[in-house]
Every structure is written in structure tokens, then in C-alpha cells.
Amino acid sequence: MPTAIVYYSKHHGNTKKLLDAIAEKEEVTLIDAAIQPTADLSLYERIGFASGIYFGSFARQVLAFAEANLPEGKDVFYLYTHGAPGGSFLKAIREIVKRKGCNELGAYHCRGFDTFGPFKLVGGIAKGHPTEEEIKGAVTFYQELQRRNKQ
Ligand SMILES: Cc1cc2nc3c(=O)[nH]c(=O)nc-3n(C[C@H](O)[C@H](O)[C@H](O)COP(=O)(O)O)c2cc1C
């Protein structure tokens, strides 16, 4: 199933580590929303949105991309990394996806090394994340989507 993942990963490239591991094993097109703010997604049946979490949400570049380019009725999934142990970070991207009548397939997330603001003073939080295990988890998540689709 032709799949594109639209991403923003600028803090430490944490989210990109997940995507590179997926792209190494599976055929996916990666689109950096910071470099390519528009693209024709009509030929892709499945679209992933991936981002580091910035101020409690997906990066504005990914949100703007989804708003401008996501066709109606696509299958959509999410991947994200965050510095804090937890939180509900999907609200804004889900609102766009649902407004466009898309079908949500699921989400994968894990922590990502974070040296933003005061955290820099203490050497950062979530050091060492994403771990090898967490990166493998993203690949398994993606392969599970593929498997479900074939059934
Ligand atoms: C400007 C900025 C704002 C951030 N805001 C949050 C936040 O609200 N919640 C959180 O858990 N992590 C936050 N983080 C940490 C990042 O989400 C985390 O480091 C993530 O893994 C970065 O992904 P990336 O390296 O792919 O860009 C923030 C980081 C930066 C630089």
C-alpha cells in the first residue's frame, strides 16, 4: 500500500530515528514538512504524520501541512516523540484529520532526548531516548499496520 510519512524532527532528530528505521525495512516515502510544505498526497493510500512534540502539540509545520495537503478519506497514523513522561499531544493533529473524514489507524510514541529551555541546564531529560528497543517498537508498529491491511 503506497505510504507517505510527513514529519518534522528538528530538536535532536529523535523522531527521524524512528522513521529511518522504518524506511530501512519497508517501502515508505518520507516528506520533511520543513523542507517541503506542500505535496500531492493523492497517490498515497496511507499517510503517517510524525513529529517531535513542541509546546504540547505536533509541530506547526506538520499541522499546516496536514491542513493544506491531506486529501479526504485517507488512512492515517501517527508517530511522535516527547520529552515529558506523558501527555495528550494529539489533539490538534487529530482535529484536522477527523475534519477531513480520514480514518485513524493508530499511534506510536516514545520519549525523546530533550534539552529545551531549563532542561539544558541539567543536561537534558529523557537521555538515551529513543532507545534501540523503542526504535524497534516503531518498526513493529508499522509492520503491524501492514499486516492488518493484508487481512
Ligand atoms: C521548543 C520545544 C518545545 C518542546 N515542548 C515539549 C512539550 O510540550 N512536551 C514534551 O513532552 N516535550 C517537549 N519538547 C521535547 C521534544 O518533544 C522531544 O525532545 C522530542 O523528542 C523532539 O523530537 P525531534 O528531535 O524529532 O524534533 C520540546 C522541545 C522543544 C525544542
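Look up a bit, the structure's there.
Along each chain, the written sequence defines residue order, and numbers are assigned to residues from 1. Since the coordinates come from a predicted model, pLDDT governs what is reported: local features require at least 70, and pairs of side-chain atoms require 80 or more to be given and counted, while whole-chain, interface and lining totals use all residues. With hydrogens and water set aside, each side-chain value is computed from the structure's full complement of heavy atoms.

Peer 1: Which residues make up the pattern of salt bridges, and what values go with them?
Peer 2: Salt bridge, as applied in this entry: a Lys or Arg side-chain nitrogen positioned within 4 Å of an Asp or Glu carboxyl oxygen. Scanning all chains against the criterion turns up six salt bridges. Between Lys-91 and Glu-95 there is a salt bridge whose closest N-O contact spans 3.2 Å. Of this pair, Lys-91 and Glu-95 both sit in helix H3 (residues 91-99), four residues apart, which is roughly one turn of that helix. Accessible area is worked out with a 1.4 Å probe on protein chains only. A residue is then buried under 20% of its type maximum, exposed over 50%, and partly exposed in between. According to the relative accessible area criterion, Glu-95 is partly exposed, its value standing at 44%. One salt bridge connects Arg-147 with Glu-144, and the closest N-O pair in it is separated by 2.8 Å. Highlighted residues: Arg-147 and Glu-144, both in helix H4 (residues 132-150), separated by three residues, approximately one helical turn. Looking at Glu-144, the relative accessible area reads 32%, which means it is partly exposed. Helical segments are the DSSP runs of H or I of at least four residues, strand segments are the runs of E of at least two, and each set is numbered from the N terminus.

Peer 1: Can you tell me about the site of the ligand, naming the residues and giving the values?
Peer 2: Summary of the distance rule: residues count as near a molecule or strand when at least one heavy atom falls within 4 Å of that molecule or strand. The local shell around the ligand holds 21 residues, among which Ser-9, Thr-15, Ile-53, Tyr-54 and Thr-81 are the closest. Within the contact set of the ligand, an oxygen atom lies 2.6 Å away from a side-chain nitrogen or oxygen of Ser-9. Between N or O atoms, a polar contact is any pair within 3.5 Å; within protein, one atom must be a potential hydrogen donor and the other a potential acceptor, and residues adjacent in sequence are included only when both atoms are from side chains. The separation between an oxygen atom of the ligand and a polar main-chain atom of Ile-53 is 2.5 Å. Here a cavity means grid points, on a 1 Å grid over the protein atoms only, where a 1.4 Å probe fits yet cannot get out; a pocket means an open set of points with protein on both sides within 12 Å along at least five of seven lines; lining residues are those with an atom within 4 Å of a point. Occupancy of a cavity or pocket is assigned to a molecule whenever over half of its atoms lie within 2 Å of that pocket's grid points. Placement of the ligand is best described as lying within the largest pocket. Among the elements that take part in the shell around the ligand, strand S3 (residues 46-54) stands out by supplying three residues, more than any other.

Peer 1: Mind laying out a nonpolar patch on the surface, listing which residues take part and the relevant values?
Peer 2: Patch building starts from residues that exceed 30% relative accessible area and form no salt bridge, then joins like charges within 9 Å and nonpolar side chains (Val, Leu, Ile, Met, Phe, Trp, Tyr) within 5 Å. For the area figures, the Shrake-Rupley method with a 1.4 Å probe applies, and any residue is considered shielded solely by the protein chains shown. Nonpolar side chains collect at one region of the surface, where Phe-55, Phe-116, Phe-119, Leu-121 and Val-122 lie side by side and expose about 630 Å² of accessible area between them. Turning to its location among the elements, Leu-121 is positioned in the loop between strand S6 (103-111) and H4.

Peer 1: Quick one: what's the story with unusual backbone geometry, residue by residue and with numbers?
Peer 2: Omega for the peptide link from His-129 to Pro-130 comes to 0°, which places this bond in the cis form. Mapped onto the elements of the fold, Pro-130 is located in the loop between S6 and H4. The backbone of Phe-55 shows a phi angle near 50°, a positive value even though the residue is not glycine. Tracing the sequence through the fold places Phe-55 in the loop between S3 and strand S4 (57-58). Since its relative accessible area comes to 74%, Phe-55 is described here as exposed.

Peer 1: Break down the nonpolar core for me, citing the residues and quoting the values.
Peer 2: For this analysis, a nonpolar core means a set of buried residues of the types Ala, Val, Leu, Ile, Met, Phe, Trp, Tyr and Cys, connected via side-chain atoms within 4.5 Å. Core analysis: the biggest nonpolar cluster contains 27 residues, and Phe-49, Phe-58 and Ile-93 have the highest contact counts within it. Where this core is concerned, the elements lending two or more residues are strand S1 (3-8), S3, helix H2 (60-69), strand S5 (75-82) and H3. Here this core gets four residues from one element, more than from any other, and that element is H2. Pairs of residues are marked as contacts when any of their non-hydrogen atoms sit within 4.5 Å. If we skip the residues at most four places from it in the chain, Phe-58 touches Phe-49, Ala-50, Ser-51, Gly-52, Ile-53, Leu-63, Tyr-78, Leu-79, Tyr-80, Phe-89, Leu-90 and Ile-93.

Peer 1: Give me the lowdown on the layout of surface pockets, citing residues and values where you can.
Peer 2: Grid points are joined across faces, edges and corners, and a volume is the space filled by probe spheres set on the points. Of the pockets and cavities examined, the largest pocket occupies roughly 440 Å³. Lining the largest pocket we find 24 residues, and of these Ile-53, Tyr-54, Gly-83, Asp-114 and Phe-116 sit closest to its centre. When contributions to the lining of the largest pocket are tallied by element, the ones reaching two or more residues are helix H1 (14-25), S3 and S5. Nonpolar residues are Ala, Val, Leu, Ile, Met, Phe, Trp, Tyr, Cys and Pro. Charged residues are Asp, Glu, Lys and Arg, and all others, Gly as well, are polar. Residue composition of the lining of the largest pocket, grouped by class: ten nonpolar, twelve polar and two charged.

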